[in-house]
Amino acid sequence: MSADTGMDDDADDHLQALVLRAVSSDESGRSLPRSSSSDAAQRASATTAILSGVQSRKTPLVSLLQKMDSTLTSDDDGVRASATALLATCARTMSGMKNEDDDEDDDEDDDEDDDEDDDEDDEEEDDDARQQRRQKGLNESLLLTQFFAAKLRELCTLKHGLDGMLYSLRMTKRATRTTTTTKMDAMDEGEQKHDEGVDDDDGGPQTQTRRRERQRKNGGKHFSATMVNQCIDNAIKELFEHVHAPSLAHGDRQRFYAVVEEVLREFPRAMVLGGDFEEEEENASNAKEEDEKRKKAVGRLESIVANCDGERDPRNVLALCRLWQELPKAFNEAEGEEDVVATTTTSTTAQVFVANCEEVYDVVAAYFPISFKPPQNDSVKITREELASELKAAMTATNCYAPFAIPHVLESVVSSGEDEGVATAVSGEACADAIDCLETMGANWPDDDIATDEICANVWSRLRLCVISPRDLEWSKPVRRATARLFANGNSTFSKKILKLALEDQSVKACEQAFKAYKAHKMELHKDTSMMMELNSKEEKEEHAMEVDGEKENESSGCCGGGCGKTQHQAPPESDEIETAARVAAAVAGRCLGAAAAANVDAAKVATSEKLKKLLDAIRDEDANTDNNTNRDNMPDWRSIAMVLITTTIGGALDAALTSSSSLSSNSSVEEILGSELCDILRDTLVSGLRSFTCKAKDHDGVVLSIACASAYLQFPEFSKNGCRNAKKKAYADVLEALFWGATT
């Protein structure tokens, strides 16, 4: 039996042979020729046997390292690289293994009631043995971490050094978690018994107190914390000193990002402050130490930014964005404030991050908006959606970015690059990404940073242009969906304010004024036309009574000089201007109300039963007789203009109804959203309008809009249910009949 390795001599010799075969080396560390496929099979078989021994714990790590010494320190670059790769593979295997005492802990939990009468001293001895094994596992993981960090100095072993460092860090974190959890559980149990007054064999809680004090010395929160931080700090120094990530191949850069992300997430203090500073509990650090902390944190932040700036490979951009999500959290948690939210700036490290956050933000902001298109025959299968999602999370990771992130994102909330003075127009996907970023900011950031009146007004002014003047249908599809997601976030003050601005947009009031002006002008024009008609009728009677040499007077020129008596019936030029103004106002207001209505059922109710109904009341001509064959004032029916407003608003309400129909508790019926009065108005408008536009007015635009509006109306969820009331069935049948009649006439 070998005293150093804990293995018998035969096992030692067998392990030595396996190692040499796996790396194709002799005992002196010289490389052996690799001439045939059988050699590769032997190497693979030897590697598998070594991994099997590691996984079964028959091969201790110390034994493996001793047997690999000649290959790990060989003068041959190939042998060193192969040996490092083998050790990294073993580290990967160990990082996925359970701790040796996990099964014992499970058995102890099952037999807890049976062990209550066990001797306290025996229990303490078991705990000590268990902690020694776990301390040994922690020491081994730290040893591997330092070893792999040293391998970063050479190019031939750098790749495998990064891999091994990542896996050894995971081993270290698991070891520290297990030890800390076990120690704290034991402490909590002892404190609970002490509080409950449970006496031990000594006649009091003194034994529990002794256990707690002993465990505090060995473990708890500060178990080996200094040793762990110092070890990882040394490894990080090696990483930043000997590795320049931008000069590496894309695969090695990805490994670099993975290591940095792991340390940021699992060991934030070691990454930001290293092992030079003890964790403070009660006493505040002095000014000199605070200054040293600040310099350390600034140096680490600069190293991270310098090694990550300028990445172009899409796979690495994904990794970089994940790393950037951990960066602000690490600087907040570096001084032990693990429950601190992202807004905290009281700690020294948090203040360092805030002071340099614009430079940090610029690294990922350079990729926004995403313009990635996967190449043909792409084997990596990275999508634009993946990149956009990770980039959004990185850009919104902390509210410290607010002063420059919000203006930067708003630059992409445009419907036309030319209109905004931008050389290249922004795509619909890019605009939607920007809107999604704003929605995430509103959901995650404090209201003081994102939901101020000034910011909300600025956001809506940009978003409004995308809503009322989309570039084209394809461009508007992702933008409409993103806008609906922004409006629908009922838990965000920012989203609520933007939705309110949309519902109260100035276009709604302008539309009401335009409708009133149109209605008043039409009524005035109708009166003038009626008076002219009466006058012409009287003149015609007089002309019939007068005959001069068998011919009527003014036969050649007519009563008004027009020859046909029609000039006086034509609408004045200002009628066209008033009609155009009403249509434009209806289109703008309809798009704003439709976008707001699509957010949710409550917004749809406000947009339709309140806003839409009020606007229709401003233009409706209840006295108009749609059965008349003559449109005496030569102006279009009011329904033709109203349909411009109704169609988009009802379309948004339908989106909200369909979205909420999946919820059993929601009421998304057409009557619930629109209100019974508006339902009646809408049904009559559709039925009368379809017949009037098709047969009499020959208003093709009115026909198209009415068909679109009727289609949206008939798609409300309750019309597809068997239990809808007779009144709803009658409304459905009336609109469907008018729609069919209009389509076939």
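Keep in mind it's a predicted model, so treat the numbers as computed, not measured.

**As for a negative patch on the surface**
Phase 1 of the analysis: Side chains of Glu 302, Asp 309, Glu 358, Glu 359 and Asp 362 sit close together on the surface and give a patch of like negative charge.
Phase 2 of the analysis: Inspection of the secondary structure puts Glu 359 in helix H16 (residues 357-365).
Phase 3 of the analysis: You can call Glu 359 partly exposed: its relative accessible area is 45%.

**Remarks on the nonpolar core**
Phase 1 of the analysis: By size, the foremost hydrophobic cluster in this structure holds 180 residues, and its most contacted members are Ile 50, Leu 239, Trp 324, Tyr 401, Phe 487 and Phe 515.
Phase 2 of the analysis: In terms of residue count, helix H27 (residues 638-660) provides more of this core than any other element does, twelve residues in total.
Phase 3 of the analysis: The contacts of Ile 50, once residues within four sequence positions are left out, are Leu 15, Leu 18, Val 19, Ala 22, Leu 64, Leu 86 and Cys 90.

**A word on H27**
Phase 1 of the analysis: Between the first and last C-alpha of H27 there are 33 Å, a value that for 23 residues agrees with the 33 Å anticipated at 1.5 Å per step.
Phase 2 of the analysis: Val 644 marks the point of greatest bend in H27, at about 30°.
Phase 3 of the analysis: Most of H27 sits inside the fold, with 18 of its 23 residues counted as buried.

**A closer look at helix H11 (residues 250-266)**
An α-helical turn contains 3.6 residues, so any two residues separated by three or four positions project in the same direction.
Phase 1 of the analysis: An ideal rise of 1.5 Å per residue puts 24 Å on 17 residues; H11 measures up with 24 Å between its terminal C-alpha atoms.
Phase 2 of the analysis: Counting buried residues in H11 gives twelve out of 17 residues, a clear majority hidden from the surface.

**Digging into the environment of Gln 42**
Phase 1 of the analysis: Examined against the element boundaries, Gln 42 turns out to sit in helix H2 (residues 37-55).
Phase 2 of the analysis: The sequence separation of Gln 42 and Arg 21 amounts to 21 residues, and the corresponding C-alpha distance is 7.0 Å.

**Let's talk about the packing of aromatic side chains**
Phase 1 of the analysis: Within the structure shown, the criterion is met by nine aromatic pairs.
Phase 2 of the analysis: Ring centres 6.0 Å apart and planes at 75° place the aromatic pair Phe 256 and Tyr 257 in the edge-to-face group. Neither Phe 256 nor Tyr 257 differs from the other in exposure class; each is buried.
Phase 3 of the analysis: With a centroid separation of 5.6 Å and an interplanar angle of 50°, the aromatic rings of Tyr 361 and Phe 404 are classed as tilted. Of this pair, Tyr 361 sits in helix H16 while Phe 404 sits in helix H18 (residues 402-410), placing them 43 residues apart in sequence. Just as Tyr 361 is buried, Phe 404 falls in that class too.
Phase 4 of the analysis: Site record: aromatic cluster; members linked through ring pairs are Phe 331, Phe 353, Tyr 361, Tyr 401 and Phe 404.

The rules behind these values
Residues numbered from 1 in each chain as written. Predicted model: local features only at pLDDT ≥ 70, side-chain atom pairs only at ≥ 80, totals over all residues. Heavy atoms only, no water. Patch = residues over 30% accessible without salt bridge, like charges linked within 9 Å, V, L, I, M, F, W, Y side chains within 5 Å. Areas by Shrake-Rupley, 256 points an atom, 1.4 Å probe, with all protein chains shown as cover. Salt bridge = Lys/Arg side-chain N within 4 Å of Asp/Glu carboxyl O. Lys, Arg positive; Asp, Glu negative; His and termini not counted. Charge placed at Lys NZ, Arg CZ, Asp CG, Glu CD. Helix = DSSP H or I, 4+ residues; strand = E, 2+ residues; numbered from the N terminus. Buried < 20%, exposed > 50% of the residue type's maximum accessible area, 1.4 Å probe, protein only. Core = buried A, V, L, I, M, F, W, Y, C linked by side-chain atoms within 4.5 Å. Contact = heavy atoms within 4.5 Å. Expected span 1.5 Å × (residues − 1). Bend = angle between axes of the 7 residues up to and from the residue. Phe/Tyr/Trp six-rings, centres within 6.5 Å; stacked < 30°, edge-to-face > 60°.

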